[in-house]
Amino acid sequence: MAVSYEFSIGSVRARENALFTKTDMEQLLGCQTTAQLCRTLSDKGYGAAADFDEMVERHDAAVWKYLKSVAPDFSIFTPFLIQNDVHNFKIVLKGTMSARDYYTALLLEPCTVAHRDMIYAVEHRSMSGLPAWLQQPAAAAYDLLARTGDARASDAVLDKALMQEMLRESEQLRSAFLREYIRTLVFYANIKTALRGARAGADKHYFKTAMPRMEGFDRDKTAQAAAKGHDALTGLLAKKSDYGCSKAMERYKESPSAFEKFVDDRLMTLARESCKRASEGAEPLLGYYLGEEAQKKTLHIIYSGIKTGAGADAVRERLREIYG
C-alpha cells in the first residue's frame, strides 16, 4: 500500500531528531584521531565501521533506503539522483579512455541509470540507452575527450546538460522550495565555473559552452567579463544582487573557501527555513535529505582536519550550517 505524505512527514520529523546538532559537532571537533572520531560517531548511532569512509557510505545507503520506503513519490529526488548519473558517466568515460578497470569502485548509488547500462553506453559508444536529455551531451563529451584529450571541456558539456536538466526537473515538480533551491544551486555553479575559467584564462566560447542560461543570470555578460579576466569578472559579480551574489563576492575577497562556505550556508538556510516549517507536501522529506547531505559534508571537514592535523579552531571556521 502506498504511503501518504501525512505518514511520511510524521516519520521524517521523528527521524530528524537523529541529525547532529551544533553541540554534537563541537564534541566531534574534540576527537584527536580518526579512530576516535569513528568510535564517537558509532556511539551517537551514526553507524558501525572502523573506517570513516565505510561508515559514511553505509549511513548514506541507509538514508536512501529509508527515503525510498517513506516517500510517496520518489521522483522528487530526481534532480539530485541525476548528479550521480553524470558523475558515473565521467568516471566510466575516463576509465575507458585510459584503459583502467578500477573505476567501477568509484561509481555512485543511487542513480537513474544502472551501472551496467552506463558502462555499456561508453564501452560500445552507444548512447541510445541513456535518458534522452543525456544522450547528445554524452556523445559530445565522448567525442571531445577522444579527439582532444581535454577533460575540462568534456566535463563542461556534461555539467551544463546536468544543470539544464536539474532546472527542468525542478520546474516539473510541485515544490516552490525545490525550484528556488535548484535555481540557487545552478546560479552558483555558473559563478564557480566563471571564476575558475577566468583564473585559467578560458575564452568566451568556453564559458558559453559550460554555463546554462537561467533566470537571474546573464550568461552572455558574465562570459564576456570572465573572458577579459578575473578582475573584470569579480567587478561585475560584486554588483549583482541576485541570489545574494554581492554578499558572496565579499566572502570571495576573503578567500575562495569563505565563498564556498557562504554558498553552502545559503542553501542550507533556504532548506531549513522552507522545509522545517512545512506541514504538507514533499518539503519535509527534501529538507531531511539535504540535512543529511550537509551533515555528511561537515563530517568530512572534521575528518580531513584530523588527518591533516589542523587545529579545532581552524576546522571550526570551515564548518557549514547544519539542519539539526
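Right above here is the structure, for reference.
This report concerns the structure included in the present document. (Residues numbered from 1 in each chain as written. Predicted model: local features only at pLDDT ≥ 70, side-chain atom pairs only at ≥ 80, totals over all residues. Heavy atoms only, no water.)

So, on to the nonpolar core. Core analysis: the largest hydrophobic core is formed by 85 residues, its most contacted members being Phe77, Phe89, Leu130, Tyr188 and Phe259. Top contributing element to this core by residue count: helix 9 (residues 176-200), with 11 residues. Tyrosine 188 has contacts with Tyr243, Gly244, Cys245, Ala248, Phe259, Phe262, Val263 and Arg266, leaving out every residue within four places of it along the chain. Ranked by size, the runner-up nonpolar core spans 21 residues in total, among them Cys38, Tyr46, Ile302 and Ile322. (Core = buried A, V, L, I, M, F, W, Y, C linked by side-chain atoms within 4.5 Å. Buried < 20%, exposed > 50% of the residue type's maximum accessible area, 1.4 Å probe, protein only. Helix = DSSP H or I, 4+ residues; strand = E, 2+ residues; numbered from the N terminus. Contact = heavy atoms within 4.5 Å.)

Right, let's get into the pattern of salt bridges. Counted according to the given criterion, the structure contains 25 salt bridges. Linking lysine 208 and aspartate 220 is a salt bridge whose minimum nitrogen-to-oxygen distance equals 3.9 Å. One end of the pair, lysine 208, is in helix 10 (residues 204-210); the other, aspartate 220, is in helix 11 (residues 219-228), with 12 residues separating them in the sequence. In this structure, a network of salt bridges that share partners links the residues Lys208, Arg213, Arg219 and Asp220. (Salt bridge = Lys/Arg side-chain N within 4 Å of Asp/Glu carboxyl O.)

Our focus in this paragraph is the side chain of threonine 40. With respect to the helices, strands and loops of the structure, threonine 40 is situated in helix 3 (residues 34-43). Excluding residues that lie within four positions of it along the chain, threonine 40 makes contacts with Gln27, Leu28 and Cys31.

Turning to helix 14 (residues 256-275), a few remarks are in order. Its 20 residues place the ends of helix 14 29 Å apart at the C-alpha level, agreeing with the 28 Å of an ideal helix rising 1.5 Å per residue. Of all the residues in helix 14, the buried ones are Ala258, Phe259, Phe262, Val263, Asp264, Asp265, Leu267, Met268, Leu270, Ala271 and Cys275. (Expected span 1.5 Å × (residues − 1).)

Glancing now at the side chain of lysine 160. Structurally, lysine 160 is set in helix 8 (residues 151-172). In this structure, lysine 160 is buried with no salt-bridge partner, the nearest side chain bearing the opposite charge being aspartate 220 at 9.0 Å. In this view, lysine 160 contacts Lys208, Thr209, Ala210, Met211, Pro212 and Arg219; residues no more than four positions away in its chain are not counted. (Lys, Arg positive; Asp, Glu negative; His and termini not counted.)

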